[in-house]
Amino acid sequence: DTGSAAAVPINEVDIAYVTPVTVGTPPQTLMLDLDTGSSDLWVFSSLTPSSQVRGQEIYSPAKSSTSKLLSGHTWSIRYGDGSGSRGTVYTDNFTIGGLEVESQAVQTAQEVSSSFTQEQSLDGLVGLGFSTLNTVRPSSQLTFFDNARPKLDEEVFTADLKYHATGSYDFGFIDRAKYTGNITYTPVQQSPGYWTHSLSGYAVGSGAFQSTQIQGISDTGTTLLYLPTAIVTAYYRQVQGAQNSQYYGGYVFPCSSTLPTFTFGIEGARFTIPASYINYTRISPTSSTCYGGLQSSSGLGINIFGDVALKAAFVVFSGTNPPRIGFGTK
Ligand SMILES: O=C(CNCCc1c[nH]c2ccccc12)Nc1scc(-c2ccccc2)c1C(=O)NCc1ccccc1
């Protein structure tokens, strides 16, 4: 089997992408963020206090004839930005782009943090990290990809995220129409459960390519690109008026600045992020100061190749043994 679904930016700066999914019988449609940086599938639900719901679609297990309570099971997740959620667990039929998993663990939120309440067009997340990261206790649950694996034509899913436009996620096949040339693969180490791999180096603008291994995670659920401070300072040294602002918590610059491109290596292949992707957003709607899409990872303890990087390529997440990740030019 295969599946294919849209990845729709939830706002005008691509802070996150959502994909239509259906849960239960009859199908309830929700817009969820497919997130390779976590492994919990959680949704706004009939159990979420109404004070914490602001426009989101909710999943009501009581309205589904195929829902089953996973009794005694709970979950609680905290993300690096301090956001989080927690709740109980049902199993139910779950489909993405025509691909169905029966009795998928669907984690129903009983509490969500304010940053999720404020994201009105995001109804929850579909974790596509390794199932070892799943927070359901006493027994952890499998991701949609792990449940779907046995029925997939090929043990892969792909991400084709786009700048200020709708892209797609495919399951079980690699769509040759979505990239040119070949896919370049590199090994993934699945500890502690992220899609962890190395870049082979980087270049700032038309500068020389610096060959250096940079280990990090490819994470569709994180908006920006977070790299070591040395690389980030080298980048913003090329930007007139750029500064690392304590106040704004990162590199800002005059919106009128000319930004260089940023190139990253996967093995011998090179992928260039256009300057427009790194001119991420105005710090406030009327400001002429802009916040960068490339930021330092020094406060995170991990390098994160988020959407700013991933939308510059066609990305293959391969669940083969051993797992690997592939990048294609588009
Ligand atoms: O959690 C995810 C992916 N799901 C995000 C879901 C989500 C959380 N608010 C959302 C809001 C909208 C949509 C999805 C989400 N990725 C990972 S792996 C390691 C870290 C981490 C660990 C320690 C310190 C920092 C990061 C994160 C992280 O917190 N990223 C978000 C972030 C990264 C940097 C800065 C801010 C946030």
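Residues numbered from 1 in each chain as written. Predicted model: local features only at pLDDT ≥ 70, side-chain atom pairs only at ≥ 80, totals over all residues. Heavy atoms only, no water.

Chemist: How should I be thinking about the overall build of the chain in this particular structure?
Modeler: Of regular secondary structure, the chain possesses five helices and 24 strands. Its C-alpha radius of gyration of 20 Å places the chain within 12% of the 20 Å reference for a compact globule of 330 residues. Dimensions along the principal axes, computed over C-alpha positions, put the chain at roughly 60 × 45 × 35 Å. Relative to its 330 residues, the chain shows a buried fraction of 56%. Once local pairs closer than 6 in sequence are excluded, the contacts in the chain between residues at least 24 apart make up 66%. Working note: accessible area of the chain is about 13,500 Å², and carbon and sulfur atoms make up 49% of it. The averaged location of the 24 negative side-chain charges in the chain is 5 Å from the averaged location of its 17 positive side-chain charges. (Helix = DSSP H or I, 4+ residues; strand = E, 2+ residues; numbered from the N terminus. Rg over C-alpha atoms; globule rule 2.2 N^0.38 Å. Buried < 20%, exposed > 50% of the residue type's maximum accessible area, 1.4 Å probe, protein only. Contact = heavy atoms within 4.5 Å. Areas by Shrake-Rupley, 256 points an atom, 1.4 Å probe, with all protein chains shown as cover. Lys, Arg positive; Asp, Glu negative; His and termini not counted. Charge placed at Lys NZ, Arg CZ, Asp CG, Glu CD.)

Chemist: Is there a simple way to think about the pairing of strand S2 (residues 17-23) in this case?
Modeler: Consecutive side chains along a regular strand alternate between the two faces of the sheet. Among the seven residues that make up S2, five are buried, leaving the element largely enclosed by the rest of the structure. One ladder, built from five bridges, connects S2 with strand S3 (residues 28-35); its direction is antiparallel. Considered in S3, the bridge of Val23 is made with Gln28. Between S2 and S3, which pair antiparallel one after the other, the connecting turn spans four residues, and Gly24 there sits at a positive phi close to 85°. Pairing of S2 with strand S6 (residues 84-96), which is carried by three bridges, proceeds in the antiparallel orientation. Across the sheet, residue Val23 finds its bridge partner in S6, namely Phe94. (Pairing = 2+ DSSP bridges.)

Chemist: Explain the site of the ligand to me, please; I cannot follow it from the model alone.
Modeler: In the vicinity of the ligand there are 19 residues, among which Asp35, Gly80, Asp81, Asp219 and Thr222 approach most closely. A distance of 2.9 Å separates a nitrogen atom of the ligand from a polar atom in the side chain of Thr222. Look at the ligand: alone it shows 710 Å² of surface, and the protein chains cover 82% of it. In the shell around the ligand, the residues fall into 10 nonpolar, five polar and four charged. (Near = heavy atom within 4 Å. Polar contact = N/O pair within 3.5 Å; in protein donor to acceptor, adjacent residues only side chain to side chain. Nonpolar A, V, L, I, M, F, W, Y, C, P; charged D, E, K, R; others polar.)

Chemist: Where do I start with the environment of Arg270 in this structure?
Modeler: Mapping Arg270 onto the fold places it in strand S18 (residues 269-273). Exposure remark for Arg270: the relative accessible area of 39% places this residue in the partly exposed category. Taking the C-alpha atoms as reference points, Arg270 and Ser200, 70 residues apart in sequence, are found 9.1 Å from one another. Setting aside its immediate chain neighbours within four residues, Arg270 contacts Ser200, Phe209, Thr263, Phe264 and Gly265. Reaching out from Arg270, the side chain makes a polar contact with the backbone oxygen of Glu267 at a distance of 3.1 Å. A distance of 3.5 Å separates a polar atom in the side chain of Arg270 from the backbone oxygen of Gly268.

Chemist: Help me understand unusual backbone geometry, please; the structure alone is not making it clear to me.
Modeler: Trans peptide bonds make up most of the peptide bonds, and negative phi angles are found at most residues other than glycine. Between Thr25 and Pro26 the backbone carries a cis peptide bond, its omega angle lying at -10°. Following Asn321, the chain continues into Pro322 via a peptide bond in cis, with omega recorded as 5°. In this fold, Pro322 is placed in the loop between strand S23 (314-318) and strand S24 (324-329). Notably, Ser103 is not glycine yet its phi reads approximately 45°, a positive angle. Take Ser103: it is sitting in strand S7 (residues 99-112). In this model, Glu267 sits at a positive phi of 50°, which is unusual for a non-glycine residue. Looking at the element boundaries, Glu267 is found in the loop between strand S17 (262-266) and S18. By relative accessible area, which is 41% here, Glu267 ends up partly exposed.

It is worth stressing that arrangement in space is one thing and function is another; only the former is reported here.
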